[in-house]
Amino acid sequence: MILHTCYEQGPIRPPSEARSLLIRPTRNCPWNKCTFCHTYKDTRFQLRTVEEIKNDIMAVREMADRIAEFSWQLGQEGHTNDAVVSFLFSSDNDHRFDDPMRHVAAWLYYGAQTVFLQDADTLIMKTDDLLEVLRYLKEKFPDISRVTSYCRSRTAGHKSVEDLRRIREAGLVRIHVGLESGSDDVLKFIRKGATAADHIEGGQRLVAAGISLCEYVMPGLGGKRWSREHAIETARVLNEINPDHIRLRTLSVRRGTALYEMMLQGEFQPIGDEEILKEIRLFIEHLDGIESRIVSDHILNLLEELEGKLPEDKEKFLGIIDRYFSMAEEDRLIFRLGRRRGIYRSLDDLSEPDTYLQLKEGVERYQREEP
Ligand code: SF4
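The rules behind each value
- Residues numbered from 1 in each chain as written.
- Predicted model: local features only at pLDDT ≥ 70, side-chain atom pairs only at ≥ 80, totals over all residues.
- Heavy atoms only, no water.
- 1 Å grid on protein atoms, 1.4 Å probe; cavity = no way out; pocket = protein on both sides within 12 Å on 5 of 7 lines; lining within 4 Å.
- Points joined across faces, edges and corners; volume = space filled by probe spheres on them.
- Helix = DSSP H or I, 4+ residues; strand = E, 2+ residues; numbered from the N terminus.
- Nonpolar A, V, L, I, M, F, W, Y, C, P; charged D, E, K, R; others polar.
- Near = heavy atom within 4 Å.
- Sits in = over half its atoms within 2 Å of the grid points.
- Axes fitted to C-alpha atoms, helices over the stretch in contact; angles between N-to-C directions.
- Parallel < 35°, antiparallel > 145°, perpendicular 65-115°, else oblique.
- Left-handed = near helix turned anticlockwise from the far one by under 90°.
- Contact = heavy atoms within 4.5 Å.
- Phe/Tyr/Trp six-rings, centres within 6.5 Å; stacked < 30°, edge-to-face > 60°.
- Buried < 20%, exposed > 50% of the residue type's maximum accessible area, 1.4 Å probe, protein only.
- Lys NZ or Arg CZ within 6 Å of the ring centre and 35° of its normal.
- Core = buried A, V, L, I, M, F, W, Y, C linked by side-chain atoms within 4.5 Å.
- Pairing = 2+ DSSP bridges.
- Expected span 1.5 Å × (residues − 1).
- Salt bridge = Lys/Arg side-chain N within 4 Å of Asp/Glu carboxyl O.

Trainee: Can you lay out the layout of surface pockets for me, pointing to particular residues and giving the numbers?
Mentor: Here the idea is plain: a probe the size of a water molecule rolls over the atoms and shows the empty space left. Here the largest pocket is characterised by a volume of approximately 820 Å³. Those elements that place two or more of their residues in the lining of the largest pocket are strand S8 (172-180) and strand S10 (245-248). Of all the elements, S8 adds the most residues to the lining of the largest pocket, at three residues. What the second largest pocket holds in volume is close to 200 Å³. Going through the elements one at a time, helix H1 (50-73) and helix H3 (99-109) are the ones with two or more residues in the lining of the second largest pocket. The element best represented in the lining of the second largest pocket is H1, accounting for five residues. Taken together, the residues that form the lining of the second largest pocket break down as nine nonpolar, three polar and four charged.

Trainee: Summarise the site of the ligand; cite the residues concerned and give the values.
Mentor: Taken together, Cys29, Asn32, Lys33, Cys34, Phe36, Cys37, Tyr40, Ala120, Arg152 and Lys192 make up the full set of residues near the ligand. Assessed atom by atom at 2 Å from the grid points, the ligand resides in the largest pocket. Looking at the shell around the ligand residue by residue, the class counts come to six nonpolar, one polar and three charged.

Trainee: Give me the lowdown on the packing of helix H4 (residues 127-140) against helix H6 (residues 161-169), citing residues and values where you can.
Mentor: Across the interface, H4 lies against H6 with an axial gap of 9 Å and an inter-helix angle of 10 degrees. In this view, H4 runs roughly parallel relative to H6, as classed from their interaxial angle. Helix-helix and strand crossings are classified by hand; for H4 and H6 the assignment is left-handed. Two secondary-structure elements touch here, H4 through Thr127, Asp128, Leu130, Leu131 and Leu134 and H6 through Asp163, Arg166 and Ile167. Looking at the contact of H4 with H6 residue by residue, the classes come out as four nonpolar, one polar and three charged.

Trainee: With reference to specific residues and values, describe empty space enclosed by the protein.
Mentor: As enumerated under the stated definition, the model contains two cavities of 30 Å³ or more in all. One number sums up the size of the largest cavity: a volume of about 60 Å³. Elements supplying a minimum of two residues to the lining of the largest cavity: helix H9 (223-241) and helix H11 (273-286). A per-class count over the lining of the largest cavity returns seven nonpolar, two polar and one charged. A volume near 40 Å³ is recorded for the second largest cavity. Taken together, the residues of the lining of the second largest cavity break down into three nonpolar, two polar and two charged.

Trainee: Describe in detail the packing of aromatic side chains, supporting the description with residues and values.
Mentor: Tallied over the full model, the rule gives nine aromatic pairs. Here Tyr109 and Tyr110 contribute two aromatic rings whose centre-to-centre distance is 5.2 Å and whose plane-to-plane angle is 80 degrees, an arrangement assigned as edge-to-face. On the accessibility criterion, Tyr109 (33% relative accessible area) is partly exposed. With a relative accessible area of 43%, Tyr110 lands in the partly exposed category. Ring-pair connections join several aromatic residues into one group, and the members of that group are Tyr324, Phe325, Phe335 and Tyr344. If you follow Lys33 out to its NZ or CZ, it ends over the ring of Trp31, 4.4 Å from the centre.

Trainee: Describe the nonpolar core, and please don't skip the residues or the numbers.
Mentor: Membership of the largest hydrophobic core comes to 89 residues, with the highest contact counts inside it found for Leu123 and Phe283. Ignoring sequence-local partners within four residues, the contact set of Phe283 consists of Val217, Ala231, Thr234, Ala235, Leu238, Ile246 and Leu248. Residues Val186, Trp226, Leu259 and Tyr260 belong to the second largest nonpolar core, which totals 14 residues.

Trainee: An account of the sheet that holds strand S11 (residues 293-295) is requested, with residue identities and associated values reported.
Mentor: Spatial ordering of the open sheet is given by S2-S6-S7-S8-S9-S10-S11-S12, a layout of eight strands whose pairing is mixed. Two strands close off the open sheet at either side, each with one partner strand: strand S2 (21-23) and strand S12 (308-309). Pairing between S11 and S12: two bridges, direction antiparallel. Of the residues in S12, the one forming a bridge with Arg293 is Lys309.

Trainee: Just give me the short version of the packing of H1 against H4, but keep the residues and values in it.
Mentor: Angle between the axes and distance between the axes are the two parameters that describe a pair of packed helices. H4 packs onto H1 with a crossing angle of 15 degrees between their chain directions and a minimal axis gap of 10 Å. Between H1 and H4, the crossing angle belongs to the class labelled roughly parallel. As for how H1 packs across H4, the hand of that crossing is right-handed. For the pair H1 and H4, contact is made by Val50, Ile53, Lys54, Ile57, Met58 and Arg61 and by Asp129, Glu132, Val133, Tyr136, Leu137 and Lys140, respectively. Here the residues of the contact of H1 with H4 are counted per class, giving seven nonpolar, no polar and five charged.

Trainee: Quick rundown of H4? Include the residues and the values.
Mentor: Because the α-helix completes a turn every 3.6 residues, residues three or four places apart line up on one side. For H4, built from 14 residues, the straight-helix expectation of 20 Å at 1.5 Å per residue is met to within 8% by its first-to-last C-alpha distance of 20 Å. Among the residues of H4, Thr127, Leu130, Leu131, Val133, Leu134, Tyr136 and Leu137 are the ones counted as buried. Check the buried side of H4 and you find it contacts H1, strand S6 (114-117), strand S7 (146-150), H6 and S8.

Trainee: With reference to specific residues and values, describe the pattern of salt bridges.
Mentor: In total, this model carries 32 salt bridges according to the counting rule given. Residue Arg166 pairs with Asp163 through a salt bridge whose shortest N-O separation is 3.0 Å. In this pair, Arg166 and Asp163 both sit in helix H6, three residues apart, roughly one turn of the helix. The salt bridge involving Lys224 is made with Glu275; its shortest N-O contact spans 3.9 Å. Here the residue Lys224 occupies a position in helix H9, and Glu275 occupies one in helix H11, the gap between them amounting to 51 residues. We classify Lys224 as partly exposed; its relative accessible area is 47%. Glu275 sits in the partly exposed class, given a relative accessible area of 36%.

Here it is in structure tokens:
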């Protein structure tokens, strides 16, 4: 018997929300024009009704109760532990559970503490509707400690600090914003639909409301033409905002995006790994007077170890980048290959001899066959 559940999920969430329950108050992106973005391509933005969203939350509650019943039947006293999760994920029992049920089980397994509201711009909802959803969520899951979501800077800039404060008090305590760049030239070129001033306005309002703000920066987005300006202006904008977190997510020009076509036409000239790293160095050098945590946890970032808090770790960040550039060219190539293959996570990993030799052979083969 397949246990069907009716509950909707959107396509993405930030990496840091891997253990969060996903609830989808809106569908897709109301802007949907950024040239590097493919996530909501060919979709239409929709606000869902409060009733629909509440039905989804109710469906999750029922799934959680059902999982608790299975747990009791398995002698696990209502806990969602290894035994219960193995049972739910196994295809070797009388029931088969669909993905939403497994998602809820994984959420319960990790403590059921956090919720992420999808999709791209949740604050675009009417404040009272969003408050009603947040309160209902809390009513059905009183133990939740953190609700987070994505939002566009312009949308945040259109909410009053008072409304944002009410939203925070109702439980939405962290917002992720795709800042991408603080350079007006770059923002216009990538059709972000926001200026540097919009980013500052939206960011400052969120901070003033006490909402923990996570700003995403995209190294490489200025290409050859605006690399320097992208670094310096992005730092300037973040210095004005002082967000809790700055997350680096290096540009990848994906096939099928407008930016990919612009690259083929020669309108956008991407820069390589090492130029991007120099750009990041310049960016960090210009961050000043803020107390943000820098996180570089995206697989596309060359140096994942650029992680720490400003201002105290600034010299450490610059030292890590300088250490990379002080290495011999061959070691830099080996590191990059190791990183791109998902093997290396830090420069210290180069000291593992077997992996180093394997990657060295890989580099030599590339140089011979595809220089
Ligand atoms: S605002 Fe975000 S989700 Fe919407 S198109 Fe731009 S990058 Fe994509």
